[in-house]
Each structure stands twice: as structure tokens, then as C-alpha cells.
Amino acid sequence: RHLHDRFPGVKVDLFGGEPTCREDLVEIIEMARGYGLQPRVVTNGLRFADEKYCSEVFATRCQLMLGLDGLDPVIQNKLRKNPGSLQKKLKAIDNIEKHLKGKLTVMCTTAPGISEELMPDLIQLCFDKRRLITRMMLIPVQAGAGPEKVDIESATVEDVEHMMAQVFPGLEFVPVGAMRRMKNIQEVLGLNLQLGGTHPNCECIAVMAGNAASGGYAPPSHYLRMPFKQTIRELMAWDAAMSPKLDRGILGKLFGRRGRKVHLMLALALFARRHVHIGKIAGD
């Protein structure tokens, strides 16, 4: 009720510890939706291996973020102390694919020195399940103080970027804060560039393009005439320069928001023509 009154329509993550341990989770989700909020369950996914439970939860039309650190049982033991959980997680993904109406975010805790060898198979799973899995959220591991001693050191966002550049040559990250400066693209096209919900300067984003020819992903630079970061910088400058043009444009004056959208889309198509290898996209 407090969130509804203060921030109507906000997305609410249900997590910490494991929300599926609560027998009233479905009731909580339905209550959140009743207040006009957007509930998302952040889970290890193990209980979704039970298809009946899976169908009951997704009948509420909630969103889902599922933890999956890799496809090697060793990592489940090293990071989670649960080596037998992998098969349950894979079964859960199959059930989720049957019952989830929306898309799935995979949440992956990454530890440099460990995750490099796990990432290729995980990325391939995302490609094979690309109709379900739309993004991976990579979280640097934090080896906090506690009763157990672990042989893993804490990581940073920069560690994760470096690791992914090794695993996926050509992949480039940009700050989410930079993406959110493209106000015209967001407002006119109705895009939401907020990711995990933290401060935008604490998150970064990379894009992978599905490549049917190779059976996997390609970095966006494969289809661009210049590096991804440079393209983003030019797109930011282009977006800022479009503000007065949209305000003065005849389409916006005549047709309001719809006219501004058409104006922006036409201009964006010209931008893409200068910066994108259209032939490569058609070929792949």
C-alpha cells in the first residue's frame, strides 16, 4: 500500500533469502498486482522444477529473474554449496518455458578465474533459449565476512567486463547512465532503459546480436561501421540534436506524440543507414 501511494506502478522485486520458501508467495504476488505494482520473483529456481508449482506462480502473470551461475555442477558446489542443484535448475527452465508468458532474465554471479570457462556454455544456453531468455545480469561476486572461509576474492564491475571481453572477443560495455541520456529515443519510442534498478552509474550494458548463420551471438561491432562505444557516443549526440528538430517539426505539430515518433523513426533510419552494415544483417 505504501509503494502504491508513493510510486504507483513501480516494479517490485521479491527476494532475499529465497522467496519460493514462502507458502504465501502467490498471495503476495496477487496482492502486489492488486495495488497496480509489477512484481518480479528473484529466485534460485529450484522449486520451479515442480511443474504444478510453476504453473500456479505464473498464473499470476509475475515476472521472473532466475539465478544460474553456469552449467557445470562444480560451480554450484563452489559458489552455492549445492552440487545437485544444476539438474533441478535446467528442469525448472523447461517448465518456465512452458508457463511463463513473458521473458526470463538469468542472474549470474561471476567470479574471475572461475567464470571464464563457464560463460561460453551459458551464453549458448541463452541463444538456444532465446525466445525465453532475453538478457543476462552479471553480478560480481562479493566474498563477504562470515563463518565459512572461501577461496574466492571479491570482484568488481571492471573485472566482469575484462572477463567477458576475453570470453567474447569484440564485446563492449557502456554505462547505463549513458544510454539513459537518450531521452528522445526513450520518450518517443516508449523504451525503458533502466535495468537492475540501481543507480545508472553503477550498471553497464553490452549487447549481443543473434547470428543464425553461426548458431550463436555476434558482438554489435560485427554489424556496425565503427566500434560500439563510438556508435553510442554518436547516437547520444544525435539524440540531443534531435530535440529542437522534433519540437519544430511539422509532424509533431500536426499529430503530437505520434507525429514526433514518425519523425524520429525516419531520422533514426537515416542514422542507421550511415552506421550499420545493412548487408551483413540481411545475410545473417
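Parameters at a glance
- Residues numbered from 1 in each chain as written.
- Predicted model: local features only at pLDDT ≥ 70, side-chain atom pairs only at ≥ 80, totals over all residues.
- Heavy atoms only, no water.
- Pairing = 2+ DSSP bridges.
- Helix = DSSP H or I, 4+ residues; strand = E, 2+ residues; numbered from the N terminus.
- Axes fitted to C-alpha atoms, helices over the stretch in contact; angles between N-to-C directions.
- Contact = heavy atoms within 4.5 Å.
- 1 Å grid on protein atoms, 1.4 Å probe; cavity = no way out; pocket = protein on both sides within 12 Å on 5 of 7 lines; lining within 4 Å.
- Points joined across faces, edges and corners; volume = space filled by probe spheres on them.
- Nonpolar A, V, L, I, M, F, W, Y, C, P; charged D, E, K, R; others polar.
- Core = buried A, V, L, I, M, F, W, Y, C linked by side-chain atoms within 4.5 Å.
- Buried < 20%, exposed > 50% of the residue type's maximum accessible area, 1.4 Å probe, protein only.

J.: What exactly am I supposed to notice about the sheet that holds strand S2 (residues 38-43) here?
T.: Sheets are built from strands paired through backbone hydrogen bonds, the pairs being either parallel or antiparallel. If you trace the 5 strands from one edge of the open sheet to the other, you get S1-S2-S3-S4-S5, paired in parallel fashion. Looking along the sheet, the strands with just one partner apiece sit at the ends: strand S1 (11-14) and strand S5 (133-140). On average, each strand axis in the sheet is tilted by 25 degrees relative to the strand beside it, whichever way the strands run. Relative to S2, S1 runs parallel, the two sharing 4 bridges. Directly across from Lys11, in S2, lies its bridge partner Gln38. Across the face of the sheet, helix H6 (residues 119-128) comes into contact with strand S4 (104-110) and S5 while running at roughly 155 degrees to S5. Relative to S5, helix H7 (residues 157-167) is tilted by about 125 degrees, and along the sheet it contacts S4 and S5.

J.: Even after reading the chapter, I still don't get the layout of surface pockets, so can you show me in this structure?
T.: In this approach a probe as big as a water molecule rolls over the atoms, and the regions it shows empty are the leftover space. What the second largest pocket holds in volume is close to 620 Å³. Together, 22 residues line the second largest pocket, and Val207, Leu224, Phe228, Ile232 and Leu235 are the ones closest to its centre. Only helix H9 (183-189), helix H10 (228-248) and helix H11 (250-275) provide two or more residues apiece to the lining of the second largest pocket. For the lining of the second largest pocket, the per-class residue count stands at 20 nonpolar, 2 polar and no charged.

J.: Please clarify how the nonpolar core should be interpreted in this entry.
T.: In a soluble, globular protein the nonpolar side chains are often hidden away together inside. Among the nonpolar cores identified, the biggest contains 39 residues, and Phe48, Phe58, Leu68, Ile96 and Met164 are the most heavily contacted of them. Secondary structure elements with two or more residues in this core: S1, helix H2 (25-34), helix H3 (51-58), strand S3 (63-67), helix H5 (85-99), S4, H6 and H7. Here this core gets 6 residues from one element, more than from any other, and that element is H6. When sequence neighbours within four positions are dropped, the list of residues in contact with Leu68 reads Leu86, Lys89, Ile93, Val106, Met107, Cys108, Leu122 and Leu125. Val174, Ile185, Phe228 and Leu246 belong to the second-largest nonpolar core, a separate cluster that totals 18 residues.

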